[in-house]
Amino acid sequence: MSDEASSTKSRRIVPIGPYHPLQEEPEFFKLTVEGETVVDLEINLGYNHRGHEFISPELTYDQIPFLVERICGICSNSHPLACVLAIEDCCGIKPAPRGAYIRTIVQELERIHSHLLWVGLAGHFIGYNTVWMWAWRYREHILQVFEMITGNRNHYAANKPGGARRDITKEQIPEIRAALDIAEKKTVMLTKAVLDDPVIRARLVGVGVLTREQALAYAVVGPTARASGVDIDVRRDDPHDAYSDVPWSVPVLPEGDVFAKAKVRLLEIIESIRIIRGCLDKMPDGPIQARVEGVPPGEGIGHTEAPRGEVFHYIRSDGSNRPLRHKVRAPSFMNIASNVVAVKGCSIADAALTLAAVDPCYCCTERTSVFEDGKLKYTGKELLRLSWQKTEQLRGKP
Amino acid sequence: MREAEAGLRALVHEVEVYEHNPKRLYIRVPRERITDAAKYLHRERGMRLSTCTGIDTRDGLEVLYHFSEDSTGTMYTLKVLAPKDDPSIESQAPWLPAADWIEREMHELLGIDFPGHPNLVPLLTSDTDWEQGRYPLRRDYERRSEQHEE
Amino acid sequence: MKDVRIWGLKRSPWVYHVAAASCNNCDIEILELLTPRYDVERFGIVLVGSPRHADALLVTGVINRKSLPRVLEVYEQTPKPCLVIGVGTCTCNNHIFRNSYNAVGPYDKYLPMSAYIPGCPPKPEAMILGVVKALSKL
């Protein structure tokens, strides 16, 4: 029995995404190394391209939030929110106050669950699977809150032009507060465990540095920018909904390494909890939807701070019920490009973590491979194993 | 008048500025002056390129450069029009890495050329199962859906 | 030999996850199954790192032009008999992407499907039920 168990264990590989053993087709992240140092990165997009901007003009403004929700399953609220902000910008209207507060609460809950997801993945990448299991376990509380208030663990359909789609009832609020209490307690514990651990520090500090100049040149956004000393946050810079009504702050760190990115995200979870509590305290009564008469001819821009950074939507209207043009720009589009400079000079054992540090969409990290002199040296799976080995070596040090 | 707006007008006299609301400005710029205008907003005024939007319009192929003045939360959108028979706008990628990928995307989905771009190859579409030269975001692209109204 | 394989399959299905042009929601929910709340390992369901070790493919997404060749390769590599289980509404009927120039699914145009688990995303309980139902067909 024990033999069976141990052989199952050694064959058990839990990948982040499917690692494809064949080498012929273009890889998403194609690293070139000399010895153990990364000298170049080639990025191939397109594996998730489904043509949202093509489909959008066929839909009505009421339908589009459902479409854009499915651009990314993790930033699932940010896209519809930015989209309805663009529509509201074009119309020149503001959402109903109670609806605005609900939108803020949902958006911040999403930030918490997304950051916890990333912390878990980062833990897995450096071989701390307990961190992964913990982070994802605590995430469950947030997903349960989502299911309670919106009806779904993901893809919440919470936003519509003029306000929110569903109300939060008095009875639900104690459960939301309880989930926040747990999230806060566990995040503080996780933060201490992660950031004080000398091996984790050794793995993350000074690794994959993106300088402030590089961050500005690539116009990166979100925690990727804030961890490189670029003090931007759409919620504060161009506030919408309830963000200027409640107290909160923006964590910014100058180092630009993976450690800074991790710390910024963990601090942001605490700020999100502050924002939600503030919203629950101050949320006004009243309708959750403002009347929208129709979208006049013109243009609208809506942007919001998704967990990964600024999500940008642009609408051009001809006065009809469907947009002439709908432009969508996800934050990872800016951030992933910066990996080209961030990963150069990295050691091979740090490469997987560096690439994941910008928090790309999960599917994006699934195909990584490493070449030397034009020949495949490591697959993505092996890259992960090298990372785990480095952690083991560091642990072994006295 | 805002400093950035005044500076832009002084640099490029032919701009036309439309203020949709205090946080949303749309500035029409002649095609040949886009690099000067973009460099001014990014280098002199510290603005961040959020993204670009390419649109196929009746008057030609339009490219919008959305610059964000994060300190005030104002979006300055530069608008450039290129005629259909010469859909080409000088690339901003050589001096602004943030423009690299989005110009590639507009090139493959709309057929806008960006001379000077270091690597104007397709970004998103398949290299084995997609004929380049088909532009899905152009108005005349044939659609499967019956609901689409022209 | 086939009976032994099927017996092994039902006892402890080794599952390989293929995502082809998905929004990642179903993919994250699949990984959720491994976390303590659902913990599918107690049913013997194990996620493996190569299709060559797989008894079942959990597939997601609408498949786009770039990812289709990869999907077909993975299926070729998976030893038969294998289950192909579609997770999410995208795998059933292309969902809201049916008019896109780039979506070329759904999976049953190319692979023999053993089960469909609709939902956007399906709840983890629904996924477990779907896998169990697919196994019971054998």
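Reading the values: rules and limits
- Residues numbered from 1 in each chain as written.
- Chains lettered and ligands numbered in written order.
- Predicted model: local features only at pLDDT ≥ 70, side-chain atom pairs only at ≥ 80, totals over all residues.
- Helix = DSSP H or I, 4+ residues; strand = E, 2+ residues; numbered from the N terminus.
- Pairing = 2+ DSSP bridges.
- Axes fitted to C-alpha atoms, helices over the stretch in contact; angles between N-to-C directions.
- Contact = placed C-beta atoms within 7 Å.
- Nonpolar A, V, L, I, M, F, W, Y, C, P; charged D, E, K, R; others polar.
- Buried ≥ 20, exposed ≤ 12 C-beta atoms within 10 Å, placed from the backbone.

(A) Up close: the overall build of chain C. For chain C, the helix and strand inventory stands at 5 helices and 5 strands. The order of helices and strands in chain C, counted from the N terminus, is α-β-α-β-β-α-β-α-β-α.

(B) Examining the sheet that holds strand E1 (residues 16-21) of chain B more closely. All names here are of chain B. The 5 strands lie next to each other as E1-E2-E5-E4-E3, forming an open sheet whose pairing is mixed. Here the strands that pair on one side only, and so sit at the sheet edges, are E1 and strand E3 (48-57). Pairs of neighbouring strands in the sheet enclose a mean axial angle of 20 degrees, with direction left out of account. Inspection of the sheet shows E3 paired to strand E4 (residues 60-69) by 9 bridges, in the antiparallel sense. Across the sheet, residue Leu49 finds its bridge partner in E4, namely Phe67.

(C) Quick look at the interface of chain A and chain B. Residue-level contacts link 28 residues of chain A with 28 residues of chain B. Sorting the residues of the side of chain A that touches chain B by element identifies helix H2 (52-55), strand E5 (298-306), strand E6 (309-317), strand E7 (323-329) and helix H13 (331-335) of chain A as the ones contributing at least two each. Counting residues per element, the side of chain A that touches chain B draws most heavily on E6(A), at 4 residues. Of the residues in the side of chain A that touches chain B, the class split is 12 nonpolar, 5 polar and 11 charged.

(D) Geometry of the sheet that holds strand E3 (residues 56-60) of chain C. Residues and elements named next belong to chain C. Pairing in this open sheet of 5 strands is parallel, and the strands run E2-E1-E3-E4-E5 from one edge to the other. Taken across any chain shown, the strands that pair with only one partner, and hence form the sheet edges, are strand E2 (46-47) and strand E5 (115-117). Across 4 bridges, the pairing between E3 and strand E4 (residues 83-87) is parallel. The residue bridging Leu58 from the neighbouring strand is Ile85, located in E4. This element, helix H5 (residues 124-136), spans E4 and E5 of the sheet and lies at about 170 degrees to E5.

(E) Layout of helix H3 (residues 100-110) of chain B. Along H3(B), 11 of the 11 residues are buried, which leaves the element largely enclosed by surrounding structure. Turning to H3(B), its buried residues number three or more, namely Asp100(B), Trp101(B), Ile102(B), Glu103(B), Arg104(B), Glu105(B), Met106(B), His107(B), Glu108(B), Leu109(B) and Leu110(B). The inward-facing, buried residues of H3(B) abut H13 of chain A together with E3 and E4 of chain B.

(F) Quick peek at unusual backbone geometry. The step from Lys80(C) to Pro81(C) runs through a cis peptide bond, and the omega angle for that step is 5 degrees. Following the sequence through the fold, Pro81(C) ends up in the loop between helix H3 (68-77) and E4. Pro121(C) follows Cys120(C) through a cis peptide bond whose omega is -10 degrees. Among the structural elements, Pro121(C) can be located in the loop between E5 and H5. Its identity is not glycine, yet His155(A) carries a phi of approximately 55 degrees, on the positive side. Tracing the backbone shows His155(A) in the loop between helix H6 (129-150) and strand E3 (159-160).

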